[in-house]
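Chain and residue survey
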2 protein chains.
Amino acid sequence: MPEAGAAPLGRLAIVGLGLIGSSIARGARRYGLAETIVAIDRDEAVQTRVRDLGLADQVTGDAAEGVAGADLVILCVPVGAVGAVAAEIAPHLAPRAILSDVGSVKGSVVAAVAPHLPEGVAFVPGHPVAGTEYSGPDAGFSTLFQNRWCILTPPEGTDEAAVARVRGLWEGLGAIVETMSPEHHDLVLAITSHVPHLIAYNIVGTAADLEEVTQSEVIKFSAGGFRDFTRIAASDPTMWRDVFLTNKDAVLEMLGRFNEDLAALARAIRWGDGEALHALFTRTRAIRRGIVAMGQETAEPDFGRRKEG
Amino acid sequence: MPEAGAAPLGRLAIVGLGLIGSSIARGARRYGLAETIVAIDRDEAVQTRVRDLGLADQVTGDAAEGVAGADLVILCVPVGAVGAVAAEIAPHLAPRAILSDVGSVKGSVVAAVAPHLPEGVAFVPGHPVAGTEYSGPDAGFSTLFQNRWCILTPPEGTDEAAVARVRGLWEGLGAIVETMSPEHHDLVLAITSHVPHLIAYNIVGTAADLEEVTQSEVIKFSAGGFRDFTRIAASDPTMWRDVFLTNKDAVLEMLGRFNEDLAALARAIRWGDGEALHALFTRTRAIRRGIVAMGQETAEPDFGRRKEG
């Protein structure tokens, strides 16, 4: 594990206290990564919960007030809202503040934030590849990012010290940091996250709309495989709408490949080509072994849903 | 919970000691559901493991010998092998024996077994909707069927007493038994199990074949959703090849609906129809709530992969 980066931050402002924002707040507190944590959320119900849970030193609905004097401001709002929030807070950022985000799409975020960036403020876009199917300030936990990757996509010429500060925060939260271009990020995440979510949402929708099979039957017999898809199809609708709208090209490209492969598979079924099916079904086991070996997944049968043997 | 059916079986013969067969053996022993358990497997390595694990009272590779005198014979082999095994054992079945199976497809199994069925032997096809991604005699456990559905598809006119015996065994193993026609079973399972497995296998294959994204990247960033699909894409290749070859019509029908819906979703993305996306993504949450409420799934975030808060 790399060392956590240097001294803790002075003032850390988090905009949006959902699953990710509230997990950063919890982790920053627990691991001593900032002297002062400011929570900014325009939703009053969220502000109340954040106060009740004691997640921050200061809680406000006023973004201008909240970001004033912050060393690092992290935007944890749906990617479709990042541009508007950046525009709102830009005039109030401290002269040498660092701005970052946690959006699941990076190209569109860079394009949305760039026009608003004040002179002297560095923007270090980030994406922690971690989460659960739950949303809101109660859903977060301090260990969410432990042993998960966080991708940073700083544009060329970004202040190195600013990148190091953001890297230090993520390493302090237990993440492994990797850097790549926004374009490559969006392609990688299209296949490892966005298309999987899309087809999960899709099959759950298909199953709900059948006439020959009742919804009650779908639910009862879901242990045959379907229920695994319903987990990711329970993720936050606004966040995911924005992901698909802002990473359209990469998603449609990867979806095109998925569809080509699926058409070939359907053809193998129609023509009874058992060898082709068996070959694919054998090959796919290796990828899972790699994921388990890299600590990105549990090896317990059935995700360890059953404890008893 | 319904009562376990009457007296225990005398002699229970299990053909094929994989995940399902070995779980039945373990459960029958633990819950006292049979006086004598006979394990039949033509694979010598499996016979040795079954002996070492002490899963049965008698272990043999000779199906004729193993089924002799059995009150109930359950075929736990891939559905593509059920017909051949039925033909092999038929002449050796006791006069009033009951034959059953656990195949994930029922129409083809009924068609494959019927021609071999001796006079006086009742065939009660069954399918426990339970499993994990692991295979073989070491993968089984006695509680695999607890609170899971088991579907029986007895043809019209099947001896009621035979159906009650098979139902009693499954209830004794903790399952909830439901009866339906083989045709309806195959349609229900096509959407709740077969198509989910097909698209999981497919996306894992697509991801493995990309040139722009390396396999190492797919593995590292799999926590964004992809890893959930790799679990079911690690299931037994022979079993699943047979499922797709023997439930071709229902699978292709359900896959056609999935594809129609996916095309509409891709179109919504291309045209930026955020409302349509948000509406679907909201609707799909309800189905998961139903599955969790019915005890078919854990409500723990991320399948409870993380224990700490």
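About the criteria used
- Residues numbered from 1 in each chain as written.
- Chains lettered and ligands numbered in written order.
- Predicted model: local features only at pLDDT ≥ 70, side-chain atom pairs only at ≥ 80, totals over all residues.
- Heavy atoms only, no water.
- Least-squares fit on C-alpha atoms with pLDDT ≥ 70 in both.
- Contact = heavy atoms within 4.5 Å.
- pLDDT = per-residue confidence, 0-100.
- UniProt positions renumbered as here; feature names shortened; annotations may be inferred.
- Helix = DSSP H or I, 4+ residues; strand = E, 2+ residues; numbered from the N terminus.
- Axes fitted to C-alpha atoms, helices over the stretch in contact; angles between N-to-C directions.
- Parallel < 35°, antiparallel > 145°, perpendicular 65-115°, else oblique.
- Left-handed = near helix turned anticlockwise from the far one by under 90°.
- Nonpolar A, V, L, I, M, F, W, Y, C, P; charged D, E, K, R; others polar.
- Pairing = 2+ DSSP bridges.
- Buried area = accessible area lost by both parts, 1.4 Å probe.
- Salt bridge = Lys/Arg side-chain N within 4 Å of Asp/Glu carboxyl O.
- Polar contact = N/O pair within 3.5 Å; in protein donor to acceptor, adjacent residues only side chain to side chain.

- Per an unreviewed UniProt entry, chain A carries the name prephenate dehydrogenase and comes from Methylobacterium radiodurans.

Quick word on the relation of the copies chain A and chain B
- Here chain A sits on chain B after a turn of 180° about the axis and a move of 0.0 Å along it, with an RMSD of 0.0 Å. Interpreted geometrically, this transformation is the action of a two-fold axis.
- Interface residue correspondence from chain A to chain B reaches 100%, placing this contact among same-surface, isologous pairings.

With respect to the confidence of the model for chain A
- Considering every residue of chain A, the mean pLDDT works out to 94; 97% of them sit at 70 or more.
- Scored below 50 in pLDDT, residues 1–5 of chain A makes 5 contacts in the model with residues more than four places away or belonging to other chains.

Notes on the UniProt feature "domain: Prephenate/arogenate dehydrogenase" (unreviewed entry) in chain A
- The residues that UniProt annotates with the feature "domain: Prephenate/arogenate dehydrogenase" (unreviewed entry) are residues 10–299 of chain A.
- This span, residues 10–299 of chain A, is 51% helix and 13% strand, and a straight line between its end C-alpha atoms measures 40 Å.

Some details on the packing of helix α7 (residues 182–208) of chain A against helix α11 (residues 248–270) of chain A
All names here are of chain A.
- Relative orientation of the contacting elements α7 and α11 amounts to 65°, with a least axis distance of 9 Å. By the criterion of interaxial angle, the relationship of α7 to α11 is roughly perpendicular. Regarding α7 and α11, the two cross each other, and that crossing is right-handed. Contact residues: α7 offers D186, L187, A190, I191, H194, V195, L198 and I199, while α11 offers A250, V251, M254, L255 and F258.
- Per-class residue counts for the contact of α7 with α11 are 11 nonpolar, 1 polar and 1 charged.

Considerations on the sheet that holds strand β6 (residues 122–124) of chain A
Residues and elements named next belong to chain A.
- Taken together, 6 strands build an open sheet; the order of strands is β3-β2-β1-β4-β5-β6 and the sheet is parallel. Each having just a single partner strand, β3 (58–60) and β6 make up the two edges of the open sheet. For this sheet, the mean angle separating the axes of adjacent strands, direction not counted, is 20°.
- In this sheet, β6 lies alongside strand β5 (residues 98–101) in parallel orientation, the contact comprising 3 bridges.

So, the interface of chain A and chain B
- On the chain B side, the residues contacting the 113 residues of chain A number 113 residues.
- Summing both partners gives a buried area of about 10,800 Å² for chain A against chain B, and 64% of it is carried by carbon and sulfur.
- At the boundary of chain A and chain B, one finds 12 salt bridges.
- R283 of chain B is the partner of D209 of chain A in a salt bridge, and the nearest nitrogen-oxygen pair spans 3.0 Å.
- At the junction of chain A and chain B, the tally comes to 42 residue pairs in polar contact (both at pLDDT 80 or more).

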